[in-house]
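Structural features, examined
Residue strings, one per chain:
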Amino acid sequence: MSADRRRLGRVWRRRGPLRTRLALSVTAAVALVAVGVCAAAYLVVRSALYEQLDLSLTQSARLAAQRNPGSAPGVLAGECRFLAAPACAEVVPADPADDPRPPGQLPVAPAAREVARGTKSPYYTNITVAGHPARMLTTDYAKGRALQVALRADTVRDGIEEAARWLVLTAAAGVLLAALLGYWVSRTGLAPVARLTATAERIAATRDARHRIELPPPGREDEITRLATSFNTMLDELEQSVAAQRRLVADASHELRTPLTALRTNAELLARSDRLTPEQRDRASTALGRQLREVTGLVGDLIELARDEEPQPLVEQVRLGTLVEHCAQAARTHWPTVPFHVRVPAEPVVVPGVPARLSRLLGNLLDNAAKFSPSGLPVEVELTAGTPGRGPQLTVRDHGPGISPQDLPHIFDRFYRAGTARALPGSGLGLAMARQIARAHSADLTAEPAPGGGALFRLTF
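Each value, and the rule that gives it
- Residues numbered from 1 in each chain as written.
- Predicted model: local features only at pLDDT ≥ 70, side-chain atom pairs only at ≥ 80, totals over all residues.
- Heavy atoms only, no water.
- Helix = DSSP H or I, 4+ residues; strand = E, 2+ residues; numbered from the N terminus.
- Polar contact = N/O pair within 3.5 Å; in protein donor to acceptor, adjacent residues only side chain to side chain.
- Contact = heavy atoms within 4.5 Å.
- pLDDT = per-residue confidence, 0-100.
- Axes fitted to C-alpha atoms, helices over the stretch in contact; angles between N-to-C directions.
- Parallel < 35°, antiparallel > 145°, perpendicular 65-115°, else oblique.
- Left-handed = near helix turned anticlockwise from the far one by under 90°.
- Buried < 20%, exposed > 50% of the residue type's maximum accessible area, 1.4 Å probe, protein only.
- Pairing = 2+ DSSP bridges.
- Salt bridge = Lys/Arg side-chain N within 4 Å of Asp/Glu carboxyl O.
- Expected span 1.5 Å × (residues − 1).
- Nonpolar A, V, L, I, M, F, W, Y, C, P; charged D, E, K, R; others polar.
- Phe/Tyr/Trp six-rings, centres within 6.5 Å; stacked < 30°, edge-to-face > 60°.
- Lys NZ or Arg CZ within 6 Å of the ring centre and 35° of its normal.
- Core = buried A, V, L, I, M, F, W, Y, C linked by side-chain atoms within 4.5 Å.

1. Some remarks on the side chain of Asp54
- If you trace the backbone, Asp54 turns up in helix H2 (residues 18-67).
- Within polar-contact distance, the side chain of Asp54 engages the side chain of Arg135 at 2.8 Å.
- Leaving out residues up to four positions away in the same chain, Asp54 has contacts with Tyr124 and Arg135.

2. Overview of the confidence of the model for the protein chain
- Per-residue pLDDT for the protein chain has a mean of 78; in total, 81% of the residues score no lower than 70.
- Put simply, helix H1 (residues 2-15) is where the protein chain has its lowest mean pLDDT, 55, and strand E7 (residues 340-343) is where it has its highest, 92.

3. Some words on the packing of H2 against helix H4 (residues 154-189)
- Following both chains from N to C, one finds H2 and H4 inclined at 165 degrees, their axes separated by 8 Å at the closest point. Classified by the angle their axes make, H2 and H4 are roughly antiparallel. Between H2 and H4 lies a crossing of right-handed hand.

4. As for the pairing of strand E10 (residues 393-397)
- Within E10, five of the five residues are buried, which leaves the element mostly enclosed by the surrounding structure.
- Judged from the five bridges that link them, strand E9 (residues 379-384) and E10 form a sheet pairing that is antiparallel. Considered in E10, the bridge of Val381 is made with Val396.
- Sheet analysis places E10 next to strand E12 (residues 455-460), joined by five bridges and oriented antiparallel. By the bridge assignment for E12, Thr395 is matched with Arg458.

5. Looking at unusual backbone geometry
- One non-glycine residue, Ser442, lies in positive phi territory at about 60 degrees.
- Residue position: Ser442 is located in the loop between helix H10 (430-440) and strand E11 (444-449).
- Looking at Ser442, the relative accessible area reads 64%, which means it is exposed.

6. As for the pattern of salt bridges
- Using the criterion set out here, one finds six salt bridges in the structure.
- Between Asp158 and Arg157 there is a salt bridge, with the nearest N and O atoms lying 3.8 Å from each other.
- With a closest N to O distance of 2.3 Å, Glu162 and Arg165 form a salt bridge. With Glu162 and Arg165 both in helix H4 and three residues apart, this pair spans about one turn of that helix.
- For Glu162, a relative accessible area of 35% puts it in the partly exposed group.
- Exposure remark for Arg165: the relative accessible area of 46% places this residue in the partly exposed category.

7. Brief notes about the sheet that holds E9
- The five strands lie next to each other as E7-E9-E10-E12-E11, forming an open sheet whose pairing is mixed. Whereas interior strands pair on both sides, the edge strands pair on one side only; in this sheet they are E7 and E11. Along the sheet, successive strands turn relative to each other by an average axial angle of 15 degrees, direction set aside.
- Along the sheet, helix H8 (residues 320-334) contacts E7, E9 and E10; its crossing angle with E7, the most-contacted strand, is approximately 175 degrees.
- Across the sheet, helix H9 (residues 355-372) is in contact with E7, E9, E10, E11 and E12; its angle to E10 comes to roughly 25 degrees.

8. A look at the environment of Asn68
- Checked against the element boundaries, Asn68 lands in the loop between H2 and strand E1 (74-77).
- Classification of Asn68 as partly exposed rests on a relative accessible area of 25%.
- If near-sequence neighbours (up to four positions away) are discounted, Asn68 is found in contact with Leu76 and Tyr141.

9. Some details on H4
- For H4, spanning 36 residues, the distance from its first C-alpha to its last is 51 Å, which sits close to the expected 52 Å at 1.5 Å a residue.
- Among all positions in H4, only Asp154, Val156, Ile160, Ala163, Leu167, Ala171, Gly174, Ala178, Gly182 and Ser186 are buried.
- Along its buried surface, H4 packs onto H2, strand E4 (132-142) and strand E5 (145-152).

10. Concerning the side chain of Ser373
- Of note, Ser373 is situated in the loop between H9 and E9.
- Ser373 gets classed as buried once you look at its relative accessible area, which sits at 8%.
- A distance of 2.8 Å separates the side chain of Ser373 from the backbone oxygen of Ala369, its partner in a polar contact.
- If sequence neighbours within four positions are ignored, Ser373 has contacts with Val338, Pro378, Val379, Asp398 and His399.

11. Here's the deal with the packing of H9 against H10
- Where H9 contacts H10, the two axes come as close as 9 Å, and the packing angle between them is 145 degrees. The two elements H9 and H10 meet at a crossing, and its hand is left-handed. Packed against H9, whose contacting residues are Arg357, Leu358, Arg360, Leu361, Asn364, Leu365 and Asn368, the element H10 presents Gly430, Leu431, Met433, Ala434, Ile437 and Ala438 at the interface.
- Class assignment for the residues of the contact of H9 with H10 results in eight nonpolar, three polar and two charged.

12. Brief notes about the packing of aromatic side chains
- Across all of its chains, the model carries one aromatic pair by this definition.
- For Lys120, the ring lying beneath its charged end belongs to Tyr123, and the centroid distance is 5.4 Å.

13. Side note on the nonpolar core
- Within the largest apolar cluster, 37 residues are counted, with the highest numbers of intra-cluster contacts made by Leu361, Leu365, Phe457 and Leu459.
- Those elements giving two or more residues to this core turn out to be H8, H9, E9, E10, H10, E11 and E12.
- For this core, the leading source of residues is H9, giving seven residues.
- With near-sequence residues (within four places) excluded, Leu459 lies in contact with Leu361, Pro392, Gln393, Leu394, Ala438, Ala443, Asp444 and Leu445.
- One finds Leu53, Val91, Ala153 and Ile160 within the second-largest nonpolar core, a separate group that totals 17 residues.

So this is what it looks like as structure tokens:
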């Protein structure tokens, strides 16, 4: 049965409400201190009252010994049956055969005989005389005899009982105050946690990340406030992520609608190929292939953008100079009318990364520059080695129309296409993918208008 109670206690400590456990813990701690202080005060008061009574007994024993030096065994003085009477005193012999007849009022213990014989030190004891409490001192008197002195202890007992009653009331009030304090501390201290929990439950129920936890005014920050602030920051990121996801889905559906409609139109047209001339069938087939490639490229770009980071096992040391020349050669094949001028340093420039992903990044930058470069004007690509405090840097500059100030903040947004690019092929994902790959490689990709016209993209590792 006790094992079951212990097991239930452990389960409650683990699963009980935090507010209740905190309130009970504070109550128990404060109540324990209150009870301990009251108990210590009771012992101090009791000791002080008995110390005063023992001092009176010592003085009475000294006076009795001075007034009756060397007296025979028997009663010396006093009638301690009465509260107002002075101390009563009796001489006790070491040998019980020498006891007086009749015996005195004070009880004689074997320890008193030892004091008379000189084998035991003087001592105090509590006794009862005529049904009343008393305090007795047994001390040495003369050779073979001891002196017992007693005083009524009613006032001491009443004082101790009165102190005990007040201390018990004080302890009870302390326990009650501790309970109220524990309840207040649990409600006040855990109020931010309760708001955090309510907000989390509301978000889980409504799937709406716009809710926030109310924070206290500045200057009253604590650990719970920092937790709530972090939670609000996390909600901001979650809301932005959800908004970006919805925007991506909406933009992707919008971008896919046109090529899919064209695909369906050409597919339906080819399904009635018996009504078409050979030239019409060739044009429809060519358009269908081109639109399939566009849709395939768009879906591939979306899949690439869905990746959050590069797979670590594929990371290796990449020679940027060689990679830049390889990508420039591929761009010359795709854009034969655009010259590519590449400048790389003589010494190797090496960075950790995934070669295929870095090739995709450089290819997107070069394709974007070639797309906007007029025929015959070059695309300038320059790689510089790292300097103290900064890593290698790659710049790609074209001589096209440049980037307008209103387009510059959105140039790396997904599906964003400037007014000058709407008539050109592309889905608006190339630069967004390039920046994502750059961030995955701990690099910074920026865009700016080039001096003298055109656009300048700067990739800094």
